[in-house]
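In case you want the letters, here they are:
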Amino acid sequence: SRRSDSDSDFHKMSEAKEVTLKYYAAMSCSGCSGAITRILKKIDGVTDISCDLEKKEVIVKGNVDEKDITAKLMKWSKASSKEVKLLKE
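Below is a short write-up of the structure. (Residues numbered from 1 in each chain as written. Predicted model: local features only at pLDDT ≥ 70, side-chain atom pairs only at ≥ 80, totals over all residues. Heavy atoms only, no water.)

Looking only at helices and strands, one finds three helices and four strands in the protein chain. Listing the helices and strands of the protein chain from first to last along the sequence gives α-β-α-β-β-α-β. Counting only residues that meet the buried cut, the protein chain has 26% of its 89 residues in that class. A fraction of 62% describes how many contacts in the protein chain between residues 6 or more apart in sequence connect residues 24 or more apart. Accessible surface, the protein chain: about 6400 Å² in total, of which carbon and sulfur atoms supply 49%. (Helix = DSSP H or I, 4+ residues; strand = E, 2+ residues; numbered from the N terminus. Buried < 20%, exposed > 50% of the residue type's maximum accessible area, 1.4 Å probe, protein only. Contact = heavy atoms within 4.5 Å. Areas by Shrake-Rupley, 256 points an atom, 1.4 Å probe, with all protein chains shown as cover.)

The structure is reproduced here in structure tokens:
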């Protein structure tokens, strides 16, 4: 029997691997880091969130899509008028 393309696409999706994403976020206080943590905790698949106020870095780990995390952080960025960008390792 032949496998259809949709079967292999489904198989790829079910094998999501854990990723680590690092962002620059212009956080100025614990209110900023708290808001980011609350936003990201709501996303399915997130296993760990680390906010470093001094370095202005947010590290997100989990079986997640980079686009979903980036979209949520950009929404916070727009609401708070603070810069956010993905840092490539």
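Attention now goes to the packing of helix 2 (residues 30-41) against helix 3 (residues 66-80). Direction vectors running N to C along helix 2 and helix 3 enclose 145 degrees, while the axes themselves pass 10 Å from each other. With respect to the hand of their crossing, helix 2 and helix 3 are arranged in right-handed fashion. Across from Cys 32, Ala 35, Ile 36, Ile 39 and Leu 40 in helix 2, the residues of helix 3 making contact are Ile 69, Lys 72, Leu 73 and Trp 76. (Axes fitted to C-alpha atoms, helices over the stretch in contact; angles between N-to-C directions. Left-handed = near helix turned anticlockwise from the far one by under 90°.)

Now for the packing of aromatic side chains. Taken as a whole and judged by the stated rule, the model has zero aromatic pairs. Sitting over the face of the ring of Tyr 24, Lys 85 holds its NZ or CZ atom 5.5 Å from the ring centroid. (Phe/Tyr/Trp six-rings, centres within 6.5 Å; stacked < 30°, edge-to-face > 60°. Lys NZ or Arg CZ within 6 Å of the ring centre and 35° of its normal.)

The next point concerns unusual backbone geometry. Working note: non-glycine residues mostly have negative phi, and peptide bonds are mostly trans. With a phi close to 55 degrees, Lys 56 is a non-glycine residue in the positive phi region. Along the polypeptide, Lys 56 turns up in the loop between strand 2 (46-52) and strand 3 (57-62). Under the relative-accessibility criterion, Lys 56 is labelled partly exposed at 27%. Phi at Ser 81 takes a positive value of approximately 55 degrees, unusual for a residue other than glycine. Position of Ser 81 relative to the elements: it lies in the loop between helix 3 and strand 4 (84-87).

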